[in-house]
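So you can see what is in the structure, the chains are spelled out below.
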Amino acid sequence: MDITVLDALTYAGDARSIQDLASVSLVEGDIADAGVVDPLVAESDLVVHFAAESHNDNSLNDPSPFVRTNIVGTFTLLEAARRNDVRFHHISTDEVYGDLELDDPAKFTASTPYNPSSPYSSTKAGSDLLVRAWVRSFGLRATISNCSNNYGPYQHIEKFIPRQITNLIDGIRPRLYGAGANVRDWIHVDDHNRAVWAIIDGGRIGETYLIGADGEKSNLEVVQELLAAFGRPEDDFDHVTDRPGHDLRYAIDASKLRDELGWRPQHTDFQDGLAHTVDWYRSNEDWWRPEKARVEASYASQGQ
Ligand code: TDX
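Sequence positions are assigned chain by chain, starting from 1 and proceeding in written order. Where local features are concerned, this predicted model is filtered to residues with pLDDT of at least 70; where side-chain atom pairs are given and counted, the filter is 80 or more; whole-chain, interface and lining totals use all residues. To get the side-chain values, take all heavy atoms of the structure and skip hydrogens and water.

The protein chain is annotated in an unreviewed UniProt entry as dTDP-glucose 4,6-dehydratase from Serinibacter arcticus. Among the UniProt annotations of the protein chain, the heading Sequence similarities (unreviewed entry) holds the following wording: "Belongs to the NAD(P)-dependent epimerase/dehydratase family. dTDP-glucose dehydratase subfamily." The record in UniProt for the protein chain states the following under Cofactor (unreviewed entry): "NAD(+)". UniProt positions are given in the numbering used here, feature names are shortened, and annotations may be inferred rather than shown by experiment.

Engineer: Is there a simple way to explain the sheet that holds strand E5 (residues 142–147) in this structure?
Structural biologist: Hydrogen bonds between backbone groups are what pair the strands of a sheet, and the pairing can be parallel or antiparallel. An order of E3-E4-E5-E10 is seen for the four strands of this open sheet, with the pairing classed as parallel. Each of the sheet's edge strands pairs with one partner strand only, and the pair in question is strand E3 (46–49) and strand E10 (208–211). In this sheet, adjacent strand axes meet at a mean angle of 15° when their direction is disregarded. Contacting E3 and strand E4 (87–93), helix H3 (residues 64–84) runs over the sheet at an angle of about 160° to E4. Strands qualify as paired when DSSP identifies two bridges or more between them. Numbering of helices and strands runs from the N terminus; a helix is a DSSP stretch of H or I covering at least four residues, while a strand is a stretch of E covering at least two. Here the axes come from fitting lines to C-alpha atoms, over the contacting stretch only for helices, and the angles between their N-to-C directions go from 0 to 180 degrees. Whether two residues are in contact is decided by their heavy atoms: any pair within 4.5 Å suffices.

Engineer: I'm lost on the site of the ligand in this one. Help?
Structural biologist: The near set for a molecule or strand comprises every residue that places at least one heavy atom within 4 Å of it. Lining the immediate surroundings of the ligand are 22 residues, of which Ser54, Thr93, Tyr120, Arg243 and His246 lie closest. N or O atoms closer than or at 3.5 Å make up a polar contact, with two conditions inside protein: a donor-capable atom paired with an acceptor-capable one, and, for residues adjacent in sequence, both atoms drawn from side chains. One nitrogen or oxygen atom from the side chain of Arg243 is found 2.6 Å from an oxygen atom belonging to the ligand. Protein chains shield 95% of the accessible area of the ligand, which is 650 Å² for the free molecule. Contributions of two or more residues to the shell around the ligand are made by helix H5 (160–169) and strand E7 (175–177). Each accessible area value is a Shrake-Rupley result obtained with a 1.4 Å probe; residue values ignore everything except the protein chains displayed when judging cover.

Engineer: Is there a simple way to explain the UniProt feature "domain: NAD(P)-binding" (unreviewed entry) in the protein chain in this structure?
Structural biologist: Sequence positions flagged by UniProt for "domain: NAD(P)-binding" (unreviewed entry) are, in local numbering, residues 21–275. From the first C-alpha to the last, residues 21–275 spans 24 Å; its make-up is 41% helix and 16% strand.

Engineer: How should I be thinking about the side chain of His156 in this particular structure?
Structural biologist: Mapped onto the elements, His156 comes out in the loop between strand E6 (150–151) and H5. Three labels apply to residues, based on accessible area from a 1.4 Å probe with only protein chains included: buried if under 20% of the type maximum, exposed if over 50%, partly exposed otherwise in between. Given the relative accessible area of 11%, His156 is considered buried. Among the polar contacts listed, one links the side chain of His156 to the backbone nitrogen of Glu158, at a separation of 3.0 Å. In terms of polar contacts, His156 uses its side chain to reach the side chain of Glu291, at 2.8 Å. Excluding anything up to four places from it in sequence, His156 contacts Tyr11, Ala12, Pro162, Trp287, Glu291, Arg294 and Val295.

Engineer: Help me understand H5, please; the structure alone is not making it clear to me.
Structural biologist: Given 3.6 residues per turn, any residue in an α-helix points the same way as the ones three and four places further on. Of all ten residues in H5, nine are buried, a share of seventy percent or more. Every buried residue of H5 is listed here: Phe160, Ile161, Pro162, Arg163, Gln164, Ile165, Thr166, Asn167 and Leu168. Tucked inside the fold, the buried residues of H5 contact E6, E7, helix H7 (219–229), helix H9 (270–283) and helix H10 (285–301). Gly171 occupies a position one or two residues after H5 and carries a positive phi of about 75°.

Written as structure tokens, this is what we have:
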């Protein structure tokens, strides 16, 4: 199997991340550029659409690249897949469903109404709806997955967990938005990718599968687990300005994926997963170091 990665190599992309992979080639280009997209889709059997502007805080500072990449980019890929009759899988997020109360026993399912909060999540919701319309109106052979928060190696250091790990490596105190009570449902990136394979192999066309590993933790709990991993006191962190419109809690019910496709997460020990992730950032400083000062300066300008 040959894989072509189309990536705009924005601040969040790094060609080194895939350079050692056999049968994987990189094309640098924009998913919103039909002239780039169309010939690549024409020579493919399957499009797996991972590309997105994905960081909520950035979408609050400047929503425009989110509309262009997430909505116009998805539209451009869908049109190319339609013209060339190519199977399509769309990667999305649990954030399209909005948020839950801390004490709500409910979790998100594929029938939860869409209710996105941020410019980022609203553009992902829009992209999901485009995919659904292309299935119904044009018969596109597409599936959608909505996954919970990922952690693991190669995650950009703007994200919560790698930001705190690289802060701790640098002797900087972790930064917790608000009180740290917000809950995220963590899944290891390898478990996410295995679920995507399962959907590509066995998922029913037109269906949406939610991906999650029952990994709910408050942000405060995550920071305290990281502090413990670095041998630091559990109160050795700073509270910083909260994110405007900050979603309180996400939680995924992945029973459809488990029951229909037999998928199970393999990284079920979060502490162990975090420890391996810390090791990865310690061993791969040359990968993340060039971005660190810029990311921290951007957060500092927001009081975060
Ligand atoms: O320094 C921080 N301190 C902090 O308390 C940062 C960067 C984040 N936070 C909080 C905000 C969130 O409650 O941690 C939580 C996780 O933050 P992010 O890593 O920014 O993730 P989130 O906003 O939950 O969205 C992530 O998961 C869903 C991804 O960025 C999205 O692309 C994905 O769709």
